[in-house]
Amino acid sequence: MSWDAYVTNLTANGALEYAAIIGTDGNIWASNFGVAALPSYQAEVPDEKNPDITTKVAYDEKAAFIHALAHKGETGNPAGVRINNQKYYTIQFDGENKSWYLKKNKGGACVAWTNSAVVFASFSQTINAENGAPQNASDCNKRVLDMAKYLADSGY
């Protein structure tokens with residue numbers, strides 16, 4: 001099975017917005033992001049004292065993602081957690097169980113990893129799955145954790 005098939009499996013029935021299988025080195029193996037690599041760009045960061053004022057900072061998604069996996073969800077960048085150019089906030093990071101739960105505006109994401117692969121998927125409460133129900137954290141978490149377990153059991 002190609003890595004693209006794993007992403008298709010994660011997003012089946014419109015249950016998830018975005019999904020990716022990423023190496024622990026930060027290289028994308030497959031995704032529906034529309035990019036071949038986690039990008040670098042200028043991210044706007046609100047001023048701590050006046051959130052109406054923003055500053056642009058250089059952001060390297062690949063470097064920040066790898067750093068966050070090794071540092072309890074902390075990216076080491078003032079722009080915080082960004083994946084696929086979307087801002088996320090850490091809800092829970094569990095290094096022991098290799099899982100990371102994230103929140104974003106009207107949605108969220110789940111990340112789970114093995115020795116060599118990282119499974120990422122996001123959901124948007126503004127998008128309905130094929131069953132008519134909004135995408136949700138429960139489906140996202142289950143699909144990501146199940147896929148990570150399958151990959152770990154398969155030697156990844």
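Cut-off values and rules
Residues numbered from 1 in each chain as written. Predicted model: local features only at pLDDT ≥ 70, side-chain atom pairs only at ≥ 80, totals over all residues. Heavy atoms only, no water. UniProt positions renumbered as here; feature names shortened; annotations may be inferred. Helix = DSSP H or I, 4+ residues; strand = E, 2+ residues; numbered from the N terminus. Buried < 20%, exposed > 50% of the residue type's maximum accessible area, 1.4 Å probe, protein only. Contact = heavy atoms within 4.5 Å. Core = buried A, V, L, I, M, F, W, Y, C linked by side-chain atoms within 4.5 Å. Disulfide = S-S within 2.5 Å.

- As named in an unreviewed UniProt entry, the chain is Profilin, taken from Paramecium tetraurelia.
- Quoted straight from UniProt, the Sequence similarities (unreviewed entry) entry for the chain says "Belongs to the profilin family."

Digging into the environment of Leu 102
Now for step 1: For Leu 102, the position within the fold is in strand β7 (residues 99–104).
Now for step 2: With relative accessibility at 4%, the residue Leu 102 sits in the buried group.
Now for step 3: Considering only alpha carbons, one finds Leu 102 and Leu 69, 33 residues apart in sequence, at a separation of 13 Å.
Now for step 4: Those residues in contact with Leu 102 that sit more than four places away from it in its chain are Val 81, Ile 83, Tyr 88, Tyr 89, Thr 90, Ile 91, Gly 108, Ala 109 and Val 111.

Some remarks on the nonpolar core
Now for step 1: In this structure, Ile 21 and Val 119 are the most contacted members of the largest nonpolar core, which totals 20 residues.
Now for step 2: Put simply, the parts of the chain that give this core at least two residues each are α1 (3–11), β1 (18–23), β8 (107–113), β9 (117–124) and α3 (137–153).
Now for step 3: In terms of residues, this core owes the most to one element, α3, which gives five residues.
Now for step 4: Apart from residues no more than four positions distant in its own chain, Val 119 is found in contact with Leu 10, Ala 20, Ile 21, Cys 110, Val 111, Ala 112, Val 144, Met 147, Ala 148 and Leu 151.
Now for step 5: Residues Phe 93, Ala 109, Trp 113 and Phe 120 belong to the second largest nonpolar core, which totals 19 residues.

So, the state of the cysteines
Put plainly, two cysteines are in a disulfide when a covalent bond ties their sulfur atoms together.
Now for step 1: Tallied over the full model, the rule gives zero disulfides.
Now for step 2: Here Cys 110 is not cross-linked by a disulfide; its sulfur's nearest cysteine counterpart is in Cys 140, at 5.6 Å.
Now for step 3: Accessibility expressed as a relative area gives 0% for Cys 110, which makes it buried.

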